[in-house]
Structure formats: structure tokens, C-alpha cells
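# Reading the structure
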Amino acid sequence: MESIGRSQQLPFAGIRVLDMSQGWAGPLCGMLLADMGAEVITLEAVQRVDWWRGVYHRPGTREDHGWEKSSHFVPVNRNKLDLTLDLTRPRGRGLVKELIRLSDVLIENFTIRVMKNFGLEYRDVSALKPDLIMVSLPGFGMSGPWKDYAAYGQTTESMAGLVALCGYEGGSPTLQSISYGDPVAGLNAATAVMMALFHRRRTGQGQHIEVAQVEALIPHLGGPIMDWFLNRRIWPRIGNRSRWMVPHGCYPAAGHDQWVVLGVASDAEWRALCEALGQPELAEDPRFTIPSQRRRHHDALDAIIAEWTCGLDKHEVARRLQAAGVAAGAVQDAPDLLADPQLAAREFFFEIERRYVGRHRYPGPTARLSRTPAQVRQPAPLLGEHNELVLRDLLGLSESEIEELKRDRIIGDELLI
Amino acid sequence: MASVNEQTGPLAGVRVLDLTHHIAGPFCTKLLADAGADVVKVERPGLGDGLRSHEPFAGDEPGVERSGLFFHLNTSKRSVTLNFKTREGLAMLEELARRSDVLVENFRPGALDRAGLGADRLEALNPRLVVASISNFGQDGPYRDYKAIDAVFYALGGWMYSMGAPDKPPLYPSGSYAQYIAGLFACLGILPALYWADLAGEGQRVDVSILEAVLSVLVYDTVEYSYSGIRRGRFGHRWSLGSVAGCTASVQPCKDGYVGVYLGHGEERWQLFVGALLERPDLLDDPRFAAPQGRVQNVDELEAILREWLQEHTSEEIFHRAQELRLLFSTIPTTRDLAESPHWQARGYFQELEHPVLGRVTLPGPPFRLSATPLEFRRPAPLLGQHNAEVYGELGYAPEDLVRLRELGVI
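If you're wondering where the values come from, they're calculated on a predicted model, not measured in any experiment.

A count of helical and extended segments in chain A gives 17 helices and twelve strands. For chain A, the C-alpha atoms occupy an extent of roughly 85 × 50 × 45 Å along the three principal directions. Counting all 417 residues of chain A, 65% fall into the buried class. For chain A, the proportion of contacts with a sequence separation of at least 24, taken over those separated by at least 6, is 67%. Carbon and sulfur atoms form 49% of the exposed surface of chain A, whose accessible area is close to 14200 Å².

Our focus in this paragraph is a negative patch on the surface. Together, Asp256, Glu316, Glu317 and Asp337 of chain B make up a region of like negative charge exposed at the surface. Turning to its location among the elements, Glu317 of chain B is positioned in helix H13 (residues 315–324).

Applying the stated rule across the entire model yields 67 salt bridges over all chains. Three or more residues joined by partner-sharing salt bridges are found here, namely Glu388, Arg392, Asp393, Glu399, Glu403 and Lys406 of chain A.

Turning our eyes to something else, we now look at the confidence of the model for chain B. Scored by pLDDT, chain B has a mean of 93; 96% of the residues are at 70 or more. Low pLDDT, under 50, characterises residues 241–245 of chain B; the predicted model gives this stretch 19 contacts beyond four residues in sequence or across chains.

Glancing now at the packing of helix H16 (residues 387–394) of chain A against helix H17 (residues 399–407) of chain A. Residues and elements named next belong to chain A. Axis separation between H16 and H17 bottoms out at 10 Å; the angle between their running directions is 140°. Relative to H17, the element H16 lies oblique. Every pair of crossing elements has a handedness; the one defined by H16 and H17 is right-handed. Here Glu388, Leu391 and Arg392 of H16 come into contact with H17, specifically with Glu399, Ile402, Leu405 and Lys406. Class assignment of the residues belonging to the contact of H16 with H17 gives a composition of three nonpolar, no polar and four charged.

Let's shift gears to the interface of chain A and chain B. Across the contact, 149 residues belong to chain A and 152 residues belong to chain B. Carbon and sulfur atoms supply 66% of the area buried between chain A and chain B, which totals about 13600 Å² over both sides. The three residues of chain A that bury the most area against chain B are Tyr168, Met195 and Glu215 of chain A, which together make up 6% of that side's buried surface. Our count for the chain A to chain B interface comes out at 63 residue pairs in polar contact (both at pLDDT 80 or more). Examining the composition of the side of chain A that touches chain B, we find that 14 residues originate from one element, helix H7 (residues 181–203) of chain A, more than from any other. Residue composition of the side of chain A that touches chain B, by class: 83 nonpolar, 44 polar and 22 charged.

Residue and element names in this part refer to chain B. As a packed pair, helix H1 (residues 24–34) and helix H7 (residues 177–200) sit with axes 7 Å apart at the nearest point and diverge in direction by 50°. In this view, H1 runs oblique relative to H7, as classed from their interaxial angle. Judged by the sense of rotation from one axis to the other, the crossing of H1 with H7 is right-handed. On the side of H1, the interface is formed by Ala24, Phe27, Cys28, Leu31 and Leu32, while H7 contributes Gln179, Tyr180, Ala182, Gly183, Leu184, Ala186, Cys187, Ile190 and Leu191.

The next thing to look at is the nonpolar core. Judged by nonpolar contacts, the single largest core of 172 residues is most densely connected at Leu33 of chain A together with Leu32 and Trp159 of chain B. Two domains each put at least three residues into this core: domain 1 (15–217 + 349–407) and domain 2 (238–253 + 258–331) of chain B. Once residues within four sequence positions are removed from consideration, Leu32 of chain B is found in contact with Leu11, Val16, Ala37, Val39, Cys187, Ile190 and Leu191 of chain B. Leu18, Met20, Leu99 and Leu389 of chain A belong to the second-largest nonpolar core, a separate cluster that totals 30 residues.

Our next topic: empty space enclosed by the protein. Enumeration according to the criterion identifies eight cavities of 30 Å³ or more in this entry. For the largest cavity, the calculated volume is near 190 Å³. Every residue lining the largest cavity is counted, 20 residues in all, and those nearest its centre are Leu32, Asp35, Arg78 and Thr366 of chain A together with Phe185 of chain B. Only helix H1 (25–35) of chain A together with H7 of chain B provide two or more residues apiece to the lining of the largest cavity. The element best represented in the lining of the largest cavity is H1 of chain A, accounting for four residues.

With that settled, the discussion passes to the domain arrangement of chain B. It is common to give the size of an interface as the accessible area that goes away when the parts come together. By the assigned domains, chain B splits into domain 1 (15–217 + 349–407) and domain 2 (238–253 + 258–331). Computed over C-alpha atoms only, the centres of domain 1 of chain B and domain 2 of chain B are separated by 43 Å.

Quick look at the packing of aromatic side chains now. For the structure shown, the criterion picks out 36 aromatic pairs over all chains. An angle of 85° between the planes, with centres 5.1 Å apart, marks the rings of Trp51 of chain A and Trp52 of chain A as edge-to-face. In this structure, Trp51 of chain A and Trp52 of chain A share a single accessibility class: buried. Ring geometry for Tyr154 of chain B against Tyr172 of chain B: centres 5.8 Å apart, planes inclined by 65°, an arrangement best described as edge-to-face. Placement of Tyr154 of chain B in helix H6 (residues 150–156) and of Tyr172 of chain B in the loop between H6 and H7 is noted, with a sequence separation of 18 residues between them. Note on accessibility: Tyr154 of chain B and Tyr172 of chain B belong to one class, buried. Here the aromatic residues Phe140, Trp146, Tyr149 and Phe229 of chain A together with Phe319, Trp344, Tyr349 and Phe350 of chain B are joined through ring pairs into a cluster of three or more. Here the basic side chain of Arg201 of chain A rests over the ring of Tyr195 of chain B, its NZ or CZ set 5.9 Å away from the ring centre.

All names here are of chain B. Along the chain, Asn83 falls in the loop between strand E3 (78–81) and helix H3 (87–98). For the pair Asn83 and Val410, spaced 327 residues apart in the sequence, the C-alpha separation amounts to 4.9 Å. Every residue in contact with Asn83, bar those within four places of it in the chain, is listed here: Pro45, Gly89, Gly409 and Val410.

Time to look at the side chain of Glu215 of chain A. Along the chain, Glu215 of chain A turns up in helix H8 (residues 213–217). Of the residues examined, Glu215 of chain A reaches a relative accessible area of 0% and is grouped as buried. Of the polar contacts made by the side chain of Glu215 of chain A, one reaches the side chain of Arg347 of chain B; its length is 2.8 Å. Ignoring any residue separated from it by four or fewer positions in sequence, one finds Glu215 of chain A in contact with Trp344, Arg347, Tyr349, Pro367 and Arg369 of chain B.

Quick notes on the rules
- Residues numbered from 1 in each chain as written.
- Chains lettered and ligands numbered in written order.
- Predicted model: local features only at pLDDT ≥ 70, side-chain atom pairs only at ≥ 80, totals over all residues.
- Heavy atoms only, no water.
- Helix = DSSP H or I, 4+ residues; strand = E, 2+ residues; numbered from the N terminus.
- Buried < 20%, exposed > 50% of the residue type's maximum accessible area, 1.4 Å probe, protein only.
- Contact = heavy atoms within 4.5 Å.
- Areas by Shrake-Rupley, 256 points an atom, 1.4 Å probe, with all protein chains shown as cover.
- Patch = residues over 30% accessible without salt bridge, like charges linked within 9 Å, V, L, I, M, F, W, Y side chains within 5 Å.
- Salt bridge = Lys/Arg side-chain N within 4 Å of Asp/Glu carboxyl O.
- Lys, Arg positive; Asp, Glu negative; His and termini not counted.
- Charge placed at Lys NZ, Arg CZ, Asp CG, Glu CD.
- pLDDT = per-residue confidence, 0-100.
- Axes fitted to C-alpha atoms, helices over the stretch in contact; angles between N-to-C directions.
- Parallel < 35°, antiparallel > 145°, perpendicular 65-115°, else oblique.
- Left-handed = near helix turned anticlockwise from the far one by under 90°.
- Nonpolar A, V, L, I, M, F, W, Y, C, P; charged D, E, K, R; others polar.
- Buried area = accessible area lost by both parts, 1.4 Å probe.
- Polar contact = N/O pair within 3.5 Å; in protein donor to acceptor, adjacent residues only side chain to side chain.
- Core = buried A, V, L, I, M, F, W, Y, C linked by side-chain atoms within 4.5 Å.
- Domains from an automatic or database assignment.
- 1 Å grid on protein atoms, 1.4 Å probe; cavity = no way out; pocket = protein on both sides within 12 Å on 5 of 7 lines; lining within 4 Å.
- Points joined across faces, edges and corners; volume = space filled by probe spheres on them.
- Phe/Tyr/Trp six-rings, centres within 6.5 Å; stacked < 30°, edge-to-face > 60°.
- Lys NZ or Arg CZ within 6 Å of the ring centre and 35° of its normal.

As C-alpha cells, this is what we get:
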């Protein structure tokens, strides 16, 4: 198949991935493989599109090609081909099995019941293609008392213990501002697939990968989980303070809702901070000379720091502190990020035109390879955009067969329900 | 390269020279080591990786062999000590680089060049070598040499602005998550590069910026702004995608603590929530909540109704009852709750390893399960310099050479 989804100069050129997943985690895994040259075919149905397109909860997204305008779907599906197939009907399931026979990797993130109902469990698909690498992303895993339970990113994050650790001192447990469990599951899934591809290249052996999304996240707890196991200690929520650095916090800068963070890890940094504040004598103030005293008088110290920061632009505070050797940074929102000089100098955002949304900038590939850099070959596909390409060139269907599939709404390019 | 048959794991036979310290780099090389790669961790004589001196310590007693976090992040590796600022030390490091498939480092940008082991030198030594560098802001750019702590990544990376309550300062995410993601992105650069080296016989460099790693998991904030001008604010215990999405996610108090209430999308879930879980079918006809936008506008009233019900039930009751209705709720477990959970016990997720100083230590298991070539903890985190004799012996050094090198402070 002559395909726009493939590139010859990249490590995974020639690897075909069938991505049956939806939302963020699974599609991110597919995108990371596509960035490195794999031909990734994402599978949707006109009766049931990827819910990450927003049509099931965002008003207005069912009309006027609203399903093509999702700020969530577009950035995690670049470089993919889009095929629609109604898997609830035998013809759709038959075609997906033909595709699996021609694929190297299969990604799915349904609850375990769904793949069973489709007849697409690992034992089924490995019978179709013995060296297939299949990756499943169940929230709680495929065994254990909660195996049939499901998870959003927030469920994952909570169940992995992150939420209990986060919050203002004395306040409620707090969710991360991003649905952190989702991308972490996707990054782990892609890592696992790449390991399995390496193994397959040397041995010819495929396998089934299980990414229980909560299990993928728990290692990120690090200190607090190890402190429980070593010392049976549960870490309290301490807001913007640190267990090691003092002072450590988020301080107001000039302007409405403008903030800057800083943290002091050593005596040298403490003296540097006092110099930057224009109060070198503070370093000798008996309330603040050693870390344990600074911790005891953290409120008073915060007030002194805030008095200085609130009169200055947040970037100016960070610039002055960094020049003095103190770690600091402005709290940036989306427009700040798009204007950030570091990200701009490294050309982190890339710009691309896409039908229905126009020209926009998107976060670019993160791991930068010098010889085989990830390529943005095309934006996220439109619903069913590559139906004919895949069915005709890859599966060898005739024009009349494709017409029949269209007529029967096994395939399509317009949202049906 | 060792024979594939001698070792197990998907990366059996791959040799990794690990020059990393702290969290991001060691997390990356831990995943490679647990996957079967032979990871040789090079540490400073005396102190080793600074993370060895980081809490939590077993029994709260500091010591380079007592850090639980170091233990967690260095499973399956071998440790050698080496001062490569000495001439002989650099020669030994070069020999290790010549024999490796991957080199991973997270020094300040330029530090390896100054040590005499820049990209050109490494390529001359071993043209197939994959050289991965993890740094705070990347190998170039105006912030290249800035100092960073976790809070700086969250602040500059856009993660922190929308954390916390609207009437309070943005909230610190309370963990080193940015570094763990950067470690994963390093693996996601190294593994394709290794595959390419196997295919094409040529190595390359991999550059990972922790700041960019943060942006890459925050992906849609800048896109949403670019599409519609919406800037996501702070919502406290409630969470939102920043638009009228009808997505209700919040952490709520219940009878015995807290519970995560995640309704997600779709009318079907709303009907299950109100009709079956709360047993309030009357609310389905309530004009305040009929449409998703109404639930957003009248969220305070909705929350009051919800809280009344939650106060009558424990988090465990709510979690199981909701999940059985296919509502994706959660409990809010502490680290203790995680360790004692019957589910993770049934799956054998947490594992125990024997350590010569710490005794039996429990730690989180591998993050994913490969059916044919599972990740395994092949050995506990190494003692500082534990494998000097073994690794330097493989390079051809005799025991008496090692005595001399130790006296000279090279190892």
C-alpha cells in the first residue's frame, strides 16, 4: 500500500499498528509509534466515534463537523490513518480480522468484556497472526477482584494514591490539573510495545502486553510509597511547601492572578535569595539561619518574600533569582506557554493546517533523536478519511464492495448517531 | 554482547552505561534494567548518586545504603564507582562506552563535553552507541543553564496554573511526576534508536527536556487556547476541562473520608448516577439538571444533593456500588490503603526483595506485564561500588589494579 502514514527513514517504518483504542491513553501509544515511522490505522465507527472527539459531552459538536474540531482528539492522533468499521456487525468484524492478519501491533483499551464480545481476545488474534504484539490497557488489570471495573484518568490517578497526597495544608485531596493517569498509561504502553518489538525482531516472537493503568502510575509515587513500606508513615498534604527545601512556595507577582515559584535547597542559595530580596541581613536573622528555624518561621518568611515578589513582573522575579543561583520560575498559562522563549528557541511547537480547524500550533515530539527525528507527516485524520485507501490498497476490496460497505454504513465519514 | 539465551527479558543482551543520578535518569534505566538490559551504574566514589542521601531512609536513619527512593529507582542494576575527572578514570569510562549499546546521562548540558566525552568523541569510540541526555530544559535554548526544582517544571510547564482553588495561589502537584515522565520519554527515544542501531548499524543522540515532557502530558491546554481562546482556570476540588463540557469530576467527603466522583460523559452515565446510584429518579426531570450545561451552571445545588447521600455511605461502599453500575468512581487511597488493598495483593503487584543492609523491602512492581518476556527485578538496588571487581574484571583489570585505583581515588 502506498501510504502517507509511513516513512522509510524511521525506525518503525514497515511496522503496521491497528489502533482500536479511544480517549487519550491508547491513542497516545499509537501516536508515539506513528511518530517513529509506524503505519498506524486508528479504528472508529460512524455509529460510535472516538469519544475524545467530544461529541458525547460537548454541546454543538454533532453538527457542522464539530467532531473534527476537538482540541483533545487532534493533538494525540497525528500521523495516523483513520478507518471506520462497524464492529457490531459480522462484515465489520470480518474486515477487522483481515486487518489484524496484516498488522504487527494491536492496541485496545476497552473493558475486558468488550474484546471478548468481539471475539478479539489475545488467544483469538494470536491465532490470526502468531507473532502479533497486542497491548491492552485495562484500568485495574485483567485479573483480581476489580478486573471488571473501569477507569478514567482521574479514577486511575486517585486509585494510584496521588490524590490523597495533593492539596492545601488541612484541605481536601486534590486532583492534578491534567488527567495524569491517561498519558502515563499511554507512555508506558508505547514503551512496552517498543520493548516487545525489539524482542520480536530478534526472536520472531509476539506477545500480549497488559498495562493496568493504575499499576503503571504507582511507581511515580516514589518517596511516599517507599516511606510507607520502610517506616509505615503516611505523608500529609502540605500545599506548596516542601519536605526538604525551605523556603519553598508559590508567591504573588505584579498583576492579576500572576504567580512565581521558588525553592531554596542549600545555605548558599538561602544567602543568594536574601541578596536578591535586597535584605542580605536576613541571612543572619536568628529566625532564619538554619533550615529547621526557617521551617518554624515559614509563614513570616513567606510574607517577606511575597512583599518583594508582588511588586515585580513574574518573569522578572524568576530572571533575577536564576541570575543569583536560586531555582525559580513563572507560573505560566496557555498563552504564556505559546510565547515561552525556551520552547520557542527549541521549536517545540509545530504548526500545521488541518481541515475544519485551520492552522494551529501543537506540542511537538518530545524525545529528540539526532539521526531519525520524529516527523510530523500529517495532522490527525478526519473520520473515515482513509477508508478507501485501507480497504482498497491494503485489503484489496473492489470499488463495488466499498460502495456496498458505504451503503450499509459499515464505513462512512459522517457522524451517524 | 552477551548471548540472548543467557538472560531473560525483552532487552536481554543490551548493555547500558548509566551515568544518571536523582530521579528521571535512574527511572529510565530502571525500566531498561528490569527489562533485562545489563545496566552498569557509574557513581562518584564515596557518596555515589545524590539520591542515596535522600529520604525516606529505613528507620529514619540516613546512610548511602538506606534510602528507600534510591532502592525503588535502581533495581536490577550493577554499580561501579569511578572518578572520570582523572585520566585513568576517563580511559576506563571510554572502555565501558566502547562496549555498550546505550549511554544515558543527566548532567548539566555540556558537562560531558567538558569531561572529554562529547558527542564526537563518543561517536568515534562507538559509532553504534545510542547516547541519551535528559536535562531540565534541553541541550540548548536560553534557559539551558537555569536551575530547576520540581515546582519550576510545573510552573513553567503550565501544569500548576490550573491546580488548586480560584481564591488561593496555584497549588504544587506534590510529587516528582515531571521527572518520571521525562524518564519514560527517554525510554521512548532510546528504544527506537536501539531498534534503528540494530537495523542500520548506526547510533544517535537522544535529547529529552523535562520541561517539554511536562508540556507533552498537558497537551490540550495550549491547543484549546489556540482553537477557542479558552484559558483554563482553577476549580479547587472540582475539576474541569475548562469549557462547558458537562464533565463532572470532583473529590468529595463521605461518611469515612473521601471519594472520587467521576461522571465523565454521556447521558447514560448521568441517568445511572441519578436514577440508580442516588436513587433519585425525580432529579432526571428536574429542569435545573436536564441538560449538561444546567449541571455545570447549578453545580452547587447538585453538589449539595450529592453530599447528603455520600455522608450516609463509606468510600468502599460507594466505590463498589458505583463501579457495578459502570460509573467510574474511585476511593482516595493513602499509601497504606494501596499496600493493603486486596486487589493489588491478588495481582501480586507489590513485590519483596532482599537487600544486604535493609533486609526485606517491599516496593511497587513493574508498570506493565509482557506475557512472553516479563519485566523482573533481577537484583535489589546495588550497594555503592558493589560490582567494581566484577565489571572492571570484565574490562581486564586484575584485583591488584583495583587496589591501586582505589588508593588513587579513581574508583
